[in-house]
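This is what each chain is made of:
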There are 2 protein chains.
Amino acid sequence: SPGFLVRSLATQKTPASLFASLDTFADRHVGPDDTEASYMLKKLGYESMEAFVADTVPPKIRVAPESVSNATIPSLTESELHRRARELAETNKLHKSYIGMGYHNAVVPPVILRNILESPAWYTPYTPYQPEIAQGRLESLVNYQTMIMSMTSMDIANASLLDEATAAAEAMVLSFVSSGQKKRTFFVDQGVLPQTLAVLQTRAKGFGIHLVIGDALTGLKDDALRSEICGVLVQYPDLNGSIKDYAELADSVHSSGALLIAATDLLALTMLKPPGEWGADVVVGNSARFGVPAGYGGPHGAFFACTDKLKRKMPGRLIGRSKDVQGKPAYRLALQTREQHIRREKATSNICTSQALLANMAAMYAVYHGPVGLKRIAQKVHSLTQLLGFSIARFGYKTTNPEFFDTLTIDVTGPVPSSEAVHAAALKAGVNLRKIDDKHVGVTLDESVSPQDIITLINVFGSAAGAKAVSISDLTPVEALAIPASLQRTSKFLPHQVFNTHHSETEMLRYIYHLQSKDLGLVHSMIPLGSCTMKLNSTSSMIPLTWPEFANVHPFAPKDQVKGYLEMIKELQDDLCKITGFAACSLQPNSGAAGEYTGLSVIRAYHESRGEGHRNICLIPVSAHGTNPASAAMAGLKVVAIKTLPDGSLDLVDLKEKAEKHKDNLAAFMITYPSTFGVFEAGVQDACQIIHDNGGQVYLDGANLNAQVGVTNPATCGGDVCHLNLHKTFAIPHGGGGPGVGPICVAEHLAPFLPTHPIVPVGGEKAINAVAAAQYGSASICLISWAYIKMLGGNGLSEASKVALLNANYMAHRLKDHYILRYKNVNGRVAHELLIDLAEFDKAAGLKVNDFAKRLQDYGFHPPTCSWPISTCMLIEPTESESLEEIDRFCDAMIQIRKEAEDIITGKQPKDNNLLKNAPHPISVMTLSDAEWNRPYSRHVAAYPTKWLEEKKFWPTVSRIDDAYGDLHLICDCPTVEEIASEH
Amino acid sequence: SPGFLVRSLATQKTPASLFASLDTFADRHVGPDDTEASYMLKKLGYESMEAFVADTVPPKIRVAPESVSNATIPSLTESELHRRARELAETNKLHKSYIGMGYHNAVVPPVILRNILESPAWYTPYTPYQPEIAQGRLESLVNYQTMIMSMTSMDIANASLLDEATAAAEAMVLSFVSSGQKKRTFFVDQGVLPQTLAVLQTRAKGFGIHLVIGDALTGLKDDALRSEICGVLVQYPDLNGSIKDYAELADSVHSSGALLIAATDLLALTMLKPPGEWGADVVVGNSARFGVPAGYGGPHGAFFACTDKLKRKMPGRLIGRSKDVQGKPAYRLALQTREQHIRREKATSNICTSQALLANMAAMYAVYHGPVGLKRIAQKVHSLTQLLGFSIARFGYKTTNPEFFDTLTIDVTGPVPSSEAVHAAALKAGVNLRKIDDKHVGVTLDESVSPQDIITLINVFGSAAGAKAVSISDLTPVEALAIPASLQRTSKFLPHQVFNTHHSETEMLRYIYHLQSKDLGLVHSMIPLGSCTMKLNSTSSMIPLTWPEFANVHPFAPKDQVKGYLEMIKELQDDLCKITGFAACSLQPNSGAAGEYTGLSVIRAYHESRGEGHRNICLIPVSAHGTNPASAAMAGLKVVAIKTLPDGSLDLVDLKEKAEKHKDNLAAFMITYPSTFGVFEAGVQDACQIIHDNGGQVYLDGANLNAQVGVTNPATCGGDVCHLNLHKTFAIPHGGGGPGVGPICVAEHLAPFLPTHPIVPVGGEKAINAVAAAQYGSASICLISWAYIKMLGGNGLSEASKVALLNANYMAHRLKDHYILRYKNVNGRVAHELLIDLAEFDKAAGLKVNDFAKRLQDYGFHPPTCSWPISTCMLIEPTESESLEEIDRFCDAMIQIRKEAEDIITGKQPKDNNLLKNAPHPISVMTLSDAEWNRPYSRHVAAYPTKWLEEKKFWPTVSRIDDAYGDLHLICDCPTVEEIASEH
Ligand SMILES: Cc1ncc(COP(=O)(O)O)c(C=O)c1O
Ligand SMILES: Cc1ncc(COP(=O)(O)O)c(C=O)c1O
Ligand SMILES: O=C([O-])O
């Protein structure tokens, strides 16, 4: 490998002028420097980057360089970005919000803030598809599941969903599916959060579900209605803070064969009888209250728990405990057969990226506080709420909900003419209350509320009523609970050891570090996961995220308090439009799959607006990502598969045939570009033309946008709408399985249909209803992509994409004589990723893709995407951030493994006991006795097949994991103290 | 071990009232909770903590509980602390400083800020005395040494000193020592920084050195003078920014047998001929300019480089490359025989704690920018400086130093009546310039200066002169350099691979993580280093440190801009006085050893003030820390050793005899309390009385203050002055070998003598001169101790000390049947640490202390302090932050090792090839072939001697290191690219 000498001669670009700042981001973001890029170009036979790109990207679809350049998107240096972000931060006004409605001021324990949310060891890893190098976050996610199960008293819980509203929508769909897709009515209690209701309305449409909204305690007496419903959703406590007893409702719902779904609040459940104890079948909610900042709406981990009998229909990722081939306990993703990447349009949901990082924060919060600490926090919140109600009653205010946990709905008509008076006083005091109507004001308290805050609140109500200000000595704490005796929690929660151990900061920190030591992230080595674009997540782009001016903002705060956020959002939307060539953008979808669903829903609305609501056919190539068909199904579309040709390109003949056949009902065509096979197809515009000619709209899956920026764009390719994975192309870190942001950009004619929101209207004039709980989805992390784009500027963005193409092509060049490169274009070029086919090894020696993947772990690398989009293949994507040295190390590893495979093929090593089949080799295997070792190769060869591993190696912590065993013996929570004790 | 069941029943204290905050720090800081504390007390036979403390601490010296209680030091919760820190931050005014004088605005690369300065993996480890578990920071410190050697062109450099001023003082002493302590005159050029001169003046006193201040280029023509001097110090560039050619001076100084010492600036050296090329023998300076925040004066890493022939006299720590027993290259502390812990009063200096963390930041900055990046930064700073000079010349200002790098001294008499006009304009513009005199103003630029900043500066001068404001288009960059041709650097620098590789953020982050993966810190497990007090360094106390309002403050900024800092400093001083029982405090000393030196100097000044300047005898027990005698020697005192009795206590008879014998010349007695043997001696007050009766003063080494807080105090014990290691008792993290803060507290009669400072007067009315470069030493990290004290409050502080005593006694209890507990008091109690004696094992089987220490590494622990204060012993200190579970794990490990030793004693294992002698066992040893393994025990027993190691284990990365080989083949820098290439 030439890496070393080349790097030592590294050139850095000469600054343009004396005044040019030196901390230019592109130099730090892009792995190879100019010398290295030239070297790679030369290896590929090119004199210039331009010549290379011309051979790689079809000329027809190239865009003018100016379209994405510093002229259109000026670049800021890292320190300029910092200053600009501070400017925006200071433009937000930090009024304290008591608005509630599912969002609270969180107190993030500093040890968790610094060592999880702000730590690249936690935020850079990918979804734990490779469990042997992900046991840390898998354990933490099991803590999350356990915590949810224990708090809700349910049999099983998943490892997070996108937000409470979409979780409720998933539950609605599950109840529909549970009815054998027969009962199409779903009952929603009127106390459900308005944003949840809106998302249900959107989602119900695709499934043809009819929503009935009413009082669940009174509105379901009618037998006829009850026999039609598949499920009922209640909020516990409800929107207005009331706590109601749903036990009888549960019986009655069950007796008619439907499901009862409860949306609830984890903190309240420390004091309230959990839904599992009064008959809920599914329990959902937002876990952000456990130490995750409000962040102007997200990202937050939503939870989803259900009864045992529903578990195989549960959406989202589930972590289970299995064992490795040495019999050591080991965690991994369980029941993957439910998921879209296997089941496609028949999947239980389209969920892919979820909210792992935020779920882990919430789990760690529970670990840190333990049951006693949580209860105490809840009791305090509750008592202060009582104190508030009691204190303002003296001014004549009436609490309309005598039974509550933390939320009061206050009738203000006694002391003041209208609620405006109270809101005016609140504004003056720098606090936000919930605006209900003329007569009512809402207040929700949380962990962050100090005695001084309570005084402020009381005096807000007091001053509106013309009363004298009170001080702390005027207050008398109330003793009794405002929770009905029958609904007080009597059962224990979180009895598991992990929640009863790490309560000092030292212990907590060590637990966090212990778990992170098991996980491979970008802090260790390349994660060349095709289609996932694992690139540098820069510190500069991460820093503003946790500033209080961005972190501590309620999504429903008044507009003039969030000017900084709105400006950032506008700039990001504008830049994304420039990059995609489209006219408008919605940031609401909080994952790529959610973007797909939103885009397709927008297409449906467009058709409807033209009186073509019947259009319901969606053409999707067989090579599409599993989320595509799953999203199409959710949007109520029927999926028709399109073939690909032997050279990997779309079968245009098949496409034309199907488009014409379905002409009258053609709604959409979904295409990923460059294709999931890693090539830019020349026929993309022709394909889109075929669709348009037949009345359809083109949905472009922008997961591969990293190959396009400044080179081509989805509009030029012929698309009408695309989603972008900001957590891929635009450098939001993957967080070990989320968060993500999946905005959609649309052409002019689709702009009117972009989604709105029930509380804070956004989107187009003919907007579809909300697709996420918050109007801008996971707003706070949009800052990361905003910063990424601003720092690279148009020139840097284009350079990044070009280098991404170059890195992939250089890799293809190095590997092509050792592995079968499955697809390339007529010039021999791949796009930003490459597909290698390992089928030959299976034939020759029974070696599977997985054997190569696990062996790569021994080399300290995260394996590429395996067996997708073709089961015998690996899809490899280096991104622009990887240096030549790292790429060469990876190629060296692949080539060395090829040699190891050769020894198996030629019989030098047995087919059943060799370096690949036995991979990975954790340290615990290295220490086996000579008798146990019993392998026809040395420990040294197993551990250090190349020299550089002796200096630097990431070790898997378990051997290969038995997936079948795990699914058969499903265990998704941690053992309790008693269980552990009885084992001793 | 009972740990598990006890922890599972963990109680947390019930909050006192509804209004009580729940994020109380003591609950998180103190490891054991109440249940665990009760359990431990019971094991020791006590019903209550009070009964236990009564048996542990002599009743005579107990202080009233109110002296340190929430009444005297109220406690803040974590969030209250955060608010209070923000309040103070906002009280500082962030004017941009161009004051220079050795301090600059640093641009900290965000990846280094977050992943080193803000990362507990980097800030919690101890000084790398155990190199097998410290290879990461050792490598980084070698990078630092290499960087210094390369920039200065010197043969060797150490791993940092405390600050530039003390580094210069060390160089002065070295030149005195090099003259065979014969020549007592030292010449200081008038262009040296005033704070450096002040520290030299203080230091010269103790050594009886006579300082001559003058122009080195003209003032040394006189042969007589030249023959008297041992050394000459010049500043390059000098205080006023001038660059002078000292090559001839060097010849002339050398010809008279003296040393030439240069204080210099690393950034300037990218453009200036380095001192090593014009004959400097020693080069010192501050490396903070390489990415370390100004922090109101510190902490900063100072460098010290010298010629090869001076290396054995060099002060401070030096890292060298040796090899381990497997022949693998490995770093470790080299030439330790020079150091105070071996040589005591004959050491080259008293340096112990230095500035490892800041040196590592500077080294990483050089790694990140590389030679090209650094040069570019320097060129820009230089060109902007030229532009400034040129631009203001048009208003009539005259630059008095035509040759400069980044600093202009400006004669303002042309355009304005007095410099006041310029300073007034500067104040209005929010910038600080250097105040020189009526006629002159100084300006120093740095990396942070933007084009807008230059415009602001130009307009400050312009507006004072009544000129119209200019804008960027009015400016014309200057081409030629303002550096004399003969002094321009032509030699290359930083050609080593490490400085030419990690230039993308991804590569940089991986390098940081790779190095940290080799180092054991508090993030992994207990570091029970006796006398070092390795306790929780909480996130809450670390967070304010890197806020710009604290980080970006020049130490000589006007007082009204640093009100927040001054308030914090005052509060900390007051609290430390309450805790020690003393009347006044100086925060200036920036390490414990510096505190000792300062305290002794204060004592000398006191004696002098009473006409007893002849008092020069210092009594020091043989058991004292090496810094004690070394500091005494530096303060010009003669050390007389005092014996200890077989029970470990001070030999009062010997003390009395020596005190009386030296009655007329007795200056001081230095005592550590509780003693370095880990017991509270009952006779401490008697000992102090003896000293006072004989005219001496008592210096109490407060390194063990963690045993005292709220229980007793140095004043009550009888001391007159003590230093505190804020980096021990008061939770400043050790940073892998610094920073530290070593304030002294003194009784009323000594307060007038506390040190002052030449620029910002502080201290008493009869102050000794400065002992550190900045008036408050390492001011920024004082925030950490301030936060620690404020959050614990008086009650928490006392509780912490009591639990520290309890933890140590519980440990002693668990170990006493397995090891010889060397000392305890009459009630069988130790203090906050315990001394176990391993001599028996040497006798029985040739097993040394080191064999036990290295074997402990295999158990994932940092060994305790070894062979100090008694060569056959280990000194073990758990601190209050360790939980019962961790303490039990450690005791289990010790007991298991005892069993392993037994097998060697009884001959079950050979004496030369066993688990202890072969320890530690890194992974690379686990992978040896069966033939190479060749040990009479299994790999499993070597790696996993107890069950819990299978789940969690920290691995040493090299085998035992050959110290002798390293000192013999001293290599203290990294190989260059060419050297590596030639090896390939
Ligand atoms: C091609 C493609 N489309 C869609 C998605 C779905 O994105 P998300 O995981 O954010 O839901 C992915 C995710 O990996 C993808 O690779
Ligand atoms: C007893 C004692 N005194 C003094 C010191 C010196 O402190 P510092 O390392 O901060 O110079 C130490 C440091 O370990 C010590 O243990
Ligand atoms: O998550 C993916 O399937 O890439």
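Asker: Could you give an account of the overall build of chain A, naming the residues involved and the relevant values?
Answerer: Scanning chain A from N- to C-terminus turns up 35 helices and 25 strands. Taken over C-alpha atoms, the radius of gyration comes to 28 Å for chain A, in line with the 30 Å a tight globule of 984 residues would show. The dimensions of chain A, computed from C-alpha atoms along their principal axes, are 85 × 70 × 65 Å. Counting across all 984 residues of chain A, residues that qualify as buried make up 69%. For chain A, the exposed surface amounts to about 29,500 Å²; the carbon and sulfur share of it is 53%.

Asker: So what about the environment of Asn913(B)? Which residues, and what values?
Answerer: Residue and element names in this part refer to chain B. Its place among the elements puts Asn-913 in the loop between α29 (884-905) and α30 (923-926). Residues Asn-913 and Asn-934, spaced 21 residues apart in sequence, show a C-alpha to C-alpha distance of 9.2 Å. Beyond its immediate chain neighbours, meaning those up to four positions away, Asn-913 contacts Asn-918, Asn-934, Arg-935, Pro-936 and Tyr-937. Engagement of the side chain of Asn-913 in a polar contact is seen with the side chain of Asn-918, the distance being 2.7 Å. Within the structure, the side chain of Asn-913 is placed 3.3 Å from the backbone oxygen of Asn-934, a separation counted as a polar contact.

Asker: Got a sec to walk through the pairing of strand β3 (residues 185-189) of chain A? Specific residues and values, please.
Answerer: Residues and elements named next belong to chain A. For β3, the tally of buried residues reaches five of five residues, placing the bulk of the element in the interior. Burial along β3 is two-sided: Thr-185, Phe-187 and Asp-189 facing one way and Phe-186 and Val-188 facing the other are all buried. Pairing analysis gives five bridges linking β3 to strand β4 (residues 210-214), with the strands arranged parallel. Opposite Phe-186, over in β4, you have Leu-211 as the bridge partner.

Asker: Can you break down the site of ligand 1 residue by residue, with the values?
Answerer: Residues and elements named next belong to chain A. For ligand 1, the set of nearby residues contains 15 residues, the closest of which are Thr-353, Ser-531, Gly-592, Asp-701 and Lys-728. Within the contact set of ligand 1, an oxygen atom lies 2.6 Å away from a side-chain nitrogen or oxygen of Thr-353. Here ligand 1, which alone exposes 390 Å², has 99% of that area covered by the protein. When its residues are assigned to classes, the shell around ligand 1 shows four nonpolar, eight polar and three charged.

Asker: With reference to specific residues and values, describe the packing of aromatic side chains.
Answerer: On inspection of all chains with the given rule, the structure shows 52 aromatic pairs over all chains. Ring geometry for Phe861(B) against Trp948(B): centres 6.1 Å apart, planes inclined by 80°, an arrangement best described as edge-to-face. With Phe861(B) in the loop between α28 (849-858) and β24 (865-866) and Trp948(B) in helix α33 (residues 948-951), this residue pair connects regions lying 87 residues apart in the sequence. On the basis of relative accessibility, which here comes to 22%, the residue Trp948(B) falls in the partly exposed class. Stacked on the ring of Trp547(A), the Lys or Arg Arg86(A) has its end atom at 4.5 Å from the ring centre.

Asker: So, the pairing of strand β23 (residues 834-837) of chain B: which residues are in play, and what are the values?
Answerer: Residues and elements named next belong to chain B. Across the two faces of β23 the burial is the same, with Leu-834 and Ile-836 and Leu-835 and Asp-837 all buried. Two strands pair when backbone bridges link them, and strand β22 (residues 820-821) and β23 are joined in this way by two bridges, in the antiparallel orientation. By the bridge assignment, Leu-821 is partnered in β23 with Ile-836. Both β23 and strand β25 (residues 873-876) contribute to a ladder of four bridges, which runs antiparallel. Its bridge partner being in β25, Ile-836 is matched across the sheet by Met-874.

Asker: How would you explain the pattern of salt bridges if you had to name every residue and give the values?
Answerer: All names here are of chain A. Under the definition given, this model contains 94 salt bridges over all chains. With a closest N to O distance of 3.6 Å, Glu-170 and Arg-203 form a salt bridge. With a gap of 33 residues between them, Glu-170 in helix α9 (residues 164-178) and Arg-203 in helix α10 (residues 194-207) connect regions that are remote in the sequence. What makes Glu-170 buried here is its relative accessible area of 4%.

Asker: Explain the site of ligand 2 to me, and be specific about the residues and the numbers.
Answerer: Residues and elements named next belong to chain B. Every one of the 15 residues lining ligand 2 counts as a neighbour, but Thr-353, Ser-531, Gly-592, Asp-701 and His-727 are closest to it. Take Ser-531: an N or O atom from its side chain is 2.6 Å from an oxygen atom of ligand 2. The contact in question runs from an oxygen atom of ligand 2 to an N or O atom on the side chain of His-727, over 2.6 Å. Summarising the interface, the protein chains cover 99% of the accessible area of ligand 2, which totals 390 Å² for the free molecule. By residue number, the principal contributor to the shell around ligand 2 is helix α21 (residues 592-609), which donates three residues. Here the residues of the shell around ligand 2 sort into four nonpolar, eight polar and three charged.

Asker: Can you lay out the interface of chain B and chain A for me, pointing to particular residues and giving the numbers?
Answerer: Counting residues at the interface gives 90 residues for chain B and 90 residues for chain A. For the pairing of chain B and chain A, the buried interface totals around 7,900 Å² over both sides, and the portion due to carbon and sulfur atoms is 55%. Counting the contacts that link chain B with chain A gives 10 salt bridges. With its nearest N and O atoms 2.9 Å apart, the salt bridge here joins Glu951(A) to Lys518(B). The interface formed by chain B and chain A includes 27 residue pairs in polar contact (both at pLDDT 80 or more). When residues in the side of chain B that touches chain A are grouped by element, the largest group, 10 residues, is from helix α14 (residues 356-393) of chain B.

Asker: So what's going on with the relation of the copies chain B and chain A? Residues and values would help.
Answerer: Mapping chain B onto chain A calls for a rotation angle of 180° and an axial translation of 0.0 Å; the resulting RMSD is 0.0 Å. Within this description, the copies of the chain are treated as partners about a two-fold rotation axis. Within chain B, Met926(B) has its C-alpha nearest the rotation axis, a separation of 3.1 Å. With an isologous cut-off of 70% or more, the 100% of interface residues of chain B that recur at the interface of chain A puts this contact in the isologous class.

Asker: Could you give me a rundown of the side chain of Gln775(B), with the residues and numbers involved?
Answerer: Residue and element names in this part refer to chain B. By secondary structure assignment, the location of Gln-775 is in the loop between β21 (744-746) and α26 (779-815). Within the structure, Gln-775 has its side chain in polar contact with the backbone oxygen of Pro-555 (distance 2.8 Å). Sequence-distant contacts of Gln-775, defined by excluding residues within four places in its chain, comprise Tyr-296, Pro-555, Phe-556, Gln-588, His-757, Val-760 and Val-762.

Asker: Can you tell me about the nonpolar core, naming the residues and giving the values?
Answerer: Counting 509 residues, the largest nonpolar core has Met147(A), Phe730(A), Met147(B) and Phe730(B) as the members making the most contacts within it. In contact with Met147(A), other than residues within four places in its own chain, are Leu266(A), Phe290(A), Ala362(A), Ala363(A), Ala366(A), Leu494(A) and Phe499(A).

Asker: Describe the packing of α28(B) against α29(B), and please don't skip the residues or the numbers.
Answerer: Residues and elements named next belong to chain B. Axis separation between α28 and α29 bottoms out at 10 Å; the angle between their running directions is 125°. Between α28 and α29, the interaxial angle falls into the category oblique. The handedness of the crossing between α28 and α29 is right-handed. Together, Phe-852, Arg-855 and Leu-856 of α28 and Phe-890, Ala-893, Met-894, Ile-897, Glu-900 and Ala-901 of α29 make up the contact between the two elements. A class-by-class count of the residues in the contact of α28 with α29 yields seven nonpolar, no polar and two charged.

Asker: So what's going on with the confidence of the model for chain A? Which residues, and what values?
Answerer: All names here are of chain A. Per-residue confidence for chain A gives a mean pLDDT of 95; residues scoring 70 or more make up 98%. Long-range and interchain partners of residues 1-11, a stretch whose pLDDT sits below 50, account for 28 contacts in this model, where long-range means more than four residues apart. This prediction of the complex comes with two scores: 0.97 for pTM and 0.97 for ipTM.

Asker: Account for helix α16 (residues 451-464) of chain A, with residues named and values stated.
Answerer: Residues and elements named next belong to chain A. The first and last C-alpha atoms of α16 sit 20 Å apart over 14 residues, in line with the 20 Å expected at 1.5 Å per residue. Among the 14 residues of α16, 10 are classified as buried, and the element is accordingly described as predominantly covered. Regarding α16, the residues found buried are Pro-451, Asp-453, Ile-454, Ile-455, Leu-457, Ile-458, Asn-459, Val-460, Phe-461 and Gly-462. Tucked into the core, α16 has its buried residues touching β1 (96-98), α14 (356-393), β12 (407-411), α15 (419-429), β13 (431-435) and β14 (440-444). Just downstream of α16 lies Gly-466, where phi reads positive at about 75°.

Here is what the cut-offs are and how they apply
- Residues numbered from 1 in each chain as written.
- Chains lettered and ligands numbered in written order.
- Predicted model: local features only at pLDDT ≥ 70, side-chain atom pairs only at ≥ 80, totals over all residues.
- Heavy atoms only, no water.
- Helix = DSSP H or I, 4+ residues; strand = E, 2+ residues; numbered from the N terminus.
- Rg over C-alpha atoms; globule rule 2.2 N^0.38 Å.
- Buried < 20%, exposed > 50% of the residue type's maximum accessible area, 1.4 Å probe, protein only.
- Areas by Shrake-Rupley, 256 points an atom, 1.4 Å probe, with all protein chains shown as cover.
- Contact = heavy atoms within 4.5 Å.
- Polar contact = N/O pair within 3.5 Å; in protein donor to acceptor, adjacent residues only side chain to side chain.
- Pairing = 2+ DSSP bridges.
- Near = heavy atom within 4 Å.
- Nonpolar A, V, L, I, M, F, W, Y, C, P; charged D, E, K, R; others polar.
- Phe/Tyr/Trp six-rings, centres within 6.5 Å; stacked < 30°, edge-to-face > 60°.
- Lys NZ or Arg CZ within 6 Å of the ring centre and 35° of its normal.
- Salt bridge = Lys/Arg side-chain N within 4 Å of Asp/Glu carboxyl O.
- Buried area = accessible area lost by both parts, 1.4 Å probe.
- Least-squares fit on C-alpha atoms with pLDDT ≥ 70 in both.
- Core = buried A, V, L, I, M, F, W, Y, C linked by side-chain atoms within 4.5 Å.
- Axes fitted to C-alpha atoms, helices over the stretch in contact; angles between N-to-C directions.
- Parallel < 35°, antiparallel > 145°, perpendicular 65-115°, else oblique.
- Left-handed = near helix turned anticlockwise from the far one by under 90°.
- pLDDT = per-residue confidence, 0-100.
- Expected span 1.5 Å × (residues − 1).

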